[in-house]
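# Commentary on secondary and tertiary structure
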Amino acid sequence: MEIFEVFDEAEIINVYDVGIKTAYSAGEGKYNEILASWNKMIDGAHDMPAYGVSLDNLTRNELKSGLWVEFEFGRALECNGMPFEKLLIQVDKEFQGFNLIRYNTCYGYDGRCFYFDLNGKNMGNFHDLLLNL
């Protein structure tokens, strides 16, 4: 499965705003809004090797500030030889590229990430949608 194909498989989309988590289940109107905005944002993006790795304790601490979105799949998936059950992304209006931090039950958020380059776009519209749900 290609990384761009997995997002439609998410059972839940979690939004973290300064550490406060709100969950949206598949089929809900707001879930559909988030997914449509996400897919529009990543249309034409390039997946690239990530420059770094995630450390579980640091990532969990970072979730307490800023805006984040997490796609939760309810089962293990694998892309490019890297397994995950969730993908976590920091959301910033100005970001033109970002890491997709993998989560799995055994290691938490530890490990290599995926990376998307938005190919000249930024996260502005997606960011604003998440803040106004």
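Now for a quick tour of the structure.

Definitions and cut-offs
Residues numbered from 1 in each chain as written. Predicted model: local features only at pLDDT ≥ 70, side-chain atom pairs only at ≥ 80, totals over all residues. Heavy atoms only, no water. Buried < 20%, exposed > 50% of the residue type's maximum accessible area, 1.4 Å probe, protein only. Helix = DSSP H or I, 4+ residues; strand = E, 2+ residues; numbered from the N terminus. Pairing = 2+ DSSP bridges. Axes fitted to C-alpha atoms, helices over the stretch in contact; angles between N-to-C directions. Contact = heavy atoms within 4.5 Å. Lys, Arg positive; Asp, Glu negative; His and termini not counted. Salt bridge = Lys/Arg side-chain N within 4 Å of Asp/Glu carboxyl O. Polar contact = N/O pair within 3.5 Å; in protein donor to acceptor, adjacent residues only side chain to side chain. Arc of directions from axis to C-beta.

Moving on, we get to the pairing of strand β6 (residues 97-103). Here β6 lies mainly inside the structure; 6 of its 7 residues are buried. Both strand β5 (residues 82-91) and β6 contribute to a ladder of 3 bridges, which runs antiparallel. Residue pairing for β6: Leu87 is matched across the bridge by Arg102. The antiparallel pairing of β5 with β6 creates a hairpin that spans 5 residues between the two strands. Strand direction decides the pairing type here: β6 and strand β7 (residues 111-117), joined by 4 bridges, are antiparallel. Across the sheet, Asn99 pairs through a bridge with Tyr115, a residue of β7.

With that out of the way, let us pick up the sheet that holds strand β2 (residues 20-25). Here 7 strands make up an open sheet; going across it, the order is β2-β1-β4-β5-β6-β7-β3 and the pairing antiparallel. Edge positions in the sheet fall to β2 and β3 (46-54), since each has one partner strand and no second. Direction aside, neighbouring strands of the sheet carry axes that sit 30° apart on average. Against the sheet, helix α1 (residues 29-42) engages β1 (12-17), β2, β4 (67-79), β5, β6 and β7, with an angle of about 85° to β1. Lying on the sheet, helix α3 (residues 124-131) is in contact with β1, β4 and β5; it crosses β4 at an angle near 100°.

Turning our attention to the side chain of Arg102. Residue position: Arg102 is located in strand β6. Of the side chains with opposite charge, Glu78 lies nearest to the buried Arg102, which makes no salt bridge, at 8.1 Å. Looking at Arg102, its side chain comes within polar contact range of the main-chain oxygen of Pro83, at 2.5 Å. In this structure the side chain of Arg102 is engaged in a polar contact, spanning 2.7 Å, whose partner is the backbone oxygen of Arg112.

Residues of α3 that are buried: Gly124, Phe126, His127 and Leu130. Seen from one end, α3 has its buried residues packed into an arc of 165°, which puts them on one side. The secondary structure elements touched by the buried residues of α3 are β1, α1, β4 and β5.

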